[in-house]
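Examination of the molecular architecture
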Amino acid sequence: MKYVSTRDRMRTYSAAEAIVKGISDDGGLIVPSSFPVLDGAKIEELLAMDYPERAASVLAMYLDGFSYEELLGYTRKAYSRFDGEDPCPLVKVDDDLFMLELWHGPTYAFKDMALTLLPHLMVASKRKLGDMSRTLILVATSGDTGKAALEGFRDVEGTEIIVFYPVDGVSVMQKRQMLTQQGANVHVAGIRGNFDDAQTAVKKVFTDPEVIAKLKDRGIEMSSANSINWGRLAPQIAYYISAYCDLVTSGELRLGDKVNFVVPTGNFGNILAGYYAYRMGLPVHKLIVASNANNILTDFFNTGKYDVKRKFYKTMSPSMDILVSSNLERLIFEAEGRDSAKVRKIYEDLKEKGSFELDLSQLDLGVFEAGWADEDETNEAMNVFFDLDDYVLDPHTAVAASVYSEYVDETEDDTKTVIVSTASPYKFACDVYNAIAGAKEKDPDKAVMKLHAFTAAECPDGILALNSLPVRHKTVIDRDGVKQAVYDFVLGEEK
Ligand SMILES: *Cc1c(COP(=O)(O)O)cnc(C)c1O
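Residues numbered from 1 in each chain as written. Predicted model: local features only at pLDDT ≥ 70, side-chain atom pairs only at ≥ 80, totals over all residues. Heavy atoms only, no water.

Below, the discussion takes up the pairing of strand β4 (residues 90-94). Bridge analysis of β4 against strand β5 (residues 97-101) gives four bridges, and the strand direction is antiparallel. Considered in β5, the bridge of Val-91 is made with Met-99. (Pairing = 2+ DSSP bridges. Helix = DSSP H or I, 4+ residues; strand = E, 2+ residues; numbered from the N terminus.)

Printed below as a string of structure tokens:
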């Protein structure tokens with residue numbers, strides 16, 4: 001399997017190069033040159049496996065130069081850091097409705113599914129390439145990626161990591177998780193601005209020739225742990241396929257029956273992995289893109305117009321407060337028949353005009369549905385799911401649940417459906433508790449206790465321990481200060 005750039009199909013990479021580089025030299029995203037085939041026989045083979053085996057087996061279909069045995073070593077290590085026997089249990093909440101809980105990892109959000117594995121893939125990729133340089137991971141986070149990347153890379157030999165987060169754009173718990181991060185190779189800085197400001201500023205530093213040269217002098221190369229990195233995306237494909245296997249082994253589906261997935265979406269990484277599983281051959285009826293008030297993707301899938309010149313809303317689901325969904329570029333590459341010149345033009349338009357428009361009737365995007373939920377609807381979903389199903393949703397997953405209810409009302413589609421559940425409700429305890437108890441608690445620590453008393457849902461130990469850990473990271477910078485921050489953190493006195 002070779003990889004190509006979305007903006008230049010003639011530019012090819014190996015899997016190891018794709019993982020180490022993170023982004024193509026031409027600014028495009030790195031994508032597989034074709035989709036490996038997942039047929040009935042292959043799914044059958046996966047049925048008997050546990051999750052680390054399924055994940056290794058799916059990854060082996062994509063990662064040339066990595067053997068199944070090697071990958072299994074990495075997936076076993078990564079997923080041993082999760083609570084419980086199954087790192088991503090599928091929980092039945094209603095006759096036709098299931099929750100795929102992806103938040104039993106070290107930071108209680110779905111980012112752990114990929115970020116516990118990425119350091120193994122990255123270190124191995126460098127070794128395969130004979131690359132002796134140290135790796136500097138730069139991350140812009142809307143909340144959950146930052147912590148998951150810090151945990152994944154902490155004290156990993158040969159790596160250093162800097163996470164930039166929007167100072168006022170993450171939840172109290174998310175911020176506390178990052179500011180108390182331990183490890184000798186970790187740095188965290190707040191940026192005054194929103195997530196898009198942080199992401200844009202970090203992207204600029206990645207391609208800044210001066211930064212590249214200065215770091216190279218010191219034997220350091222930058223890489224990304226953001227969801228544009230192929231090493232982030234590939235591990236996510238596995239849980240869509242595994243959830244399907246679970247539905248078959250539990251007798252909910254017969255092999256070949258179709259299933260829907262509803263995905264709370266921000267940067268379009270999670271649902272894109274679902275699309276890749278579908279393109280491989282997984283029997284999918286609909287992939288439902290769920291957005292919060294930042295509903296730019298709903299508009300795109302319904303009209304073809306992607307326009308970032310709009311109001312930015314801060315919501316209860318901060319990891320979805322995003323206007324520029326980076327991974328959408330990979331979908332557009334596929335939808336445009338892999339015409340990289342067209343993709344280049346589309347993204348030039350986006351850069352110059354802040355918008356682009358595609359003729360949806362010409363594109364094969366029929367597997368997608370899109371909807372959005374405002375804050376009231378999100379609260380109501382948390383409320384209703386607790387009342388009727390005794391199930392506690394976090395606000396991100398509640399957006400998906402709300403969009404799904406609306407979808408069923410409109411279509412009467414009775415296909416079995418998996419809602420991809422992306423965070424522990426305890427990570428957003430105030431909003432969750434207030435929604436289901438009709439309260440107005442503002443203290444996150446009290447909210448954790450009250451949520452536990454009210455719902456009896458199990459609370460992760462790591463959440464309880466958070467308020468006793470010392471704050472280690474206090475840096476806050478302006479958005480044009482990212483470059484200097486990189487120098488300060490990594491080069492020390494040698495500016
Ligand atoms: C990151 C995140 C999302 C959005 O996922 P994307 O891959 O960016 O679309 C949704 N929910 C939670 C809890 C997240 O952390």
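Under the criterion given, the structure shown has 21 aromatic pairs. Summarising the aromatic geometry, the rings of Phe-268 and Phe-368 are spaced 6.1 Å apart at their centres and angled 40° between planes, so their arrangement reads as tilted. One end of the pair, Phe-268, is in the loop between β10 (259-264) and α12 (269-280); the other, Phe-368, is in strand β14 (residues 368-372), with 100 residues separating them in the sequence. With respect to class, Phe-268 is no different from Phe-368; both count as buried. We note Lys-128 situated over the ring of Phe-66; from NZ or CZ to the ring centre the distance is 4.4 Å. (Phe/Tyr/Trp six-rings, centres within 6.5 Å; stacked < 30°, edge-to-face > 60°. Buried < 20%, exposed > 50% of the residue type's maximum accessible area, 1.4 Å probe, protein only. Lys NZ or Arg CZ within 6 Å of the ring centre and 35° of its normal.)

This part covers the nonpolar core. By size, the foremost hydrophobic cluster in this structure holds 109 residues, and its most contacted members are Leu-63, Trp-230, Phe-261, Phe-301, Leu-328 and Phe-368. When sequence neighbours within four positions are dropped, the list of residues in contact with Phe-301 reads Phe-268, Val-289, Leu-328, Leu-331, Leu-360, Leu-365, Phe-368 and Ala-370. Among the nonpolar cores identified, the runner-up in size contains 43 residues, and Met-99, Phe-386, Ala-423 and Tyr-426 belong to it. (Core = buried A, V, L, I, M, F, W, Y, C linked by side-chain atoms within 4.5 Å. Contact = heavy atoms within 4.5 Å.)

Every buried residue belonging to helix α2 (residues 40-47) is among Lys-42, Ile-43, Leu-46 and Leu-47, and all of these are buried. Looking down the long axis of α2, one finds its buried residues gathered within 150° of arc, a one-sided arrangement. In this fold, the buried residues of α2 make contact with α3 (51-62) and α11 (230-249). (Arc of directions from axis to C-beta.)

It is worth spelling out the site of the ligand at this point. Lining the immediate surroundings of the ligand are 15 residues, of which Lys-111, Asp-144, Gly-266, Asn-267 and Asn-270 lie closest. At 2.7 Å from an oxygen atom of the ligand is found a main-chain nitrogen or oxygen belonging to Asn-267. Side-chain polar atom of Ser-319 to an oxygen atom of the ligand: 3.5 Å apart, as the coordinates give it. Contact with the protein chains hides 98% of the accessible area of the ligand, taken as 380 Å² for the molecule alone. Residues of the shell around the ligand, tallied by class, amount to five nonpolar, eight polar and two charged. (Near = heavy atom within 4 Å. Polar contact = N/O pair within 3.5 Å; in protein donor to acceptor, adjacent residues only side chain to side chain. Areas by Shrake-Rupley, 256 points an atom, 1.4 Å probe, with all protein chains shown as cover. Nonpolar A, V, L, I, M, F, W, Y, C, P; charged D, E, K, R; others polar.)

The next point concerns the pattern of salt bridges. Going through the model one piece at a time under the given rule, you end up with 33 salt bridges. Of the charged contacts, one joins Arg-7 and Glu-329 as a salt bridge, the two residues approaching to 2.8 Å between their closest N and O atoms. Of this pair, Arg-7 sits in the loop between β1 (3-5) and β2 (8-13) while Glu-329 sits in helix α14 (residues 328-335), and the two are 322 residues apart along the sequence. The pair Arg-7 / Glu-329 is uniform in exposure class, with both members buried. For Arg-134, the salt bridge identified is with Glu-160, shortest N-O distance 2.7 Å. Placement of Arg-134 in strand β6 (residues 134-140) and of Glu-160 in strand β7 (residues 159-166) is noted, with a sequence separation of 26 residues between them. Glu-160 sits in the buried class, given a relative accessible area of 13%. Linked through salt bridges whose partners overlap, the residues forming this network are Asp-8, Arg-11, Lys-21, Asp-25 and Asp-26. (Salt bridge = Lys/Arg side-chain N within 4 Å of Asp/Glu carboxyl O.)

So, on to the packing of helix α9 (residues 195-206) against helix α21 (residues 482-491). Contact pair α9 / α21: the axes reach a minimum separation of 9 Å and the direction vectors enclose 60°. On α21, the residues that touch Ala-201, Val-202 and Val-205 of α9 are Val-482, Lys-483 and Val-486. (Axes fitted to C-alpha atoms, helices over the stretch in contact; angles between N-to-C directions.)

Bringing unusual backbone geometry into the picture now. Not every positive phi belongs to a glycine, and Tyr-108 is a case in point at roughly 65°. Inspection of the secondary structure puts Tyr-108 in the loop between β5 and α5 (112-115). Looking at Tyr-108, the relative accessible area reads 9%, which means it is buried. Even without being glycine, Asp-390 reaches a positive phi, approximately 60°. Tracing the backbone shows Asp-390 in the loop between α16 (375-389) and α17 (395-411). On the accessibility criterion, Asp-390 (57% relative accessible area) is exposed.

Further remarks concern the sheet that holds strand β8 (residues 186-192). The strand order across the open sheet formed by five strands is β9-β6-β7-β8-β16, and the pairing between neighbours is parallel. If you trace the sheet from one side to the other, it starts and ends with β9 (220-224) and β16 (476-478), each paired once. Within this sheet the neighbouring strands show an average axis-to-axis angle of 30°, counted without direction. Pairing geometry for β8 and β16, over three bridges, is parallel. Within β16, the residue paired with Ile-191 across the bridge is Ile-477. Running over the sheet, helix α8 (residues 172-179) touches β7 and β8 and is turned about 155° from β7. Along the sheet, α9 makes contact with β6, β7, β8 and β9, crossing β6 at roughly 155°.

Taken by themselves, the reported measurements are silent on function.
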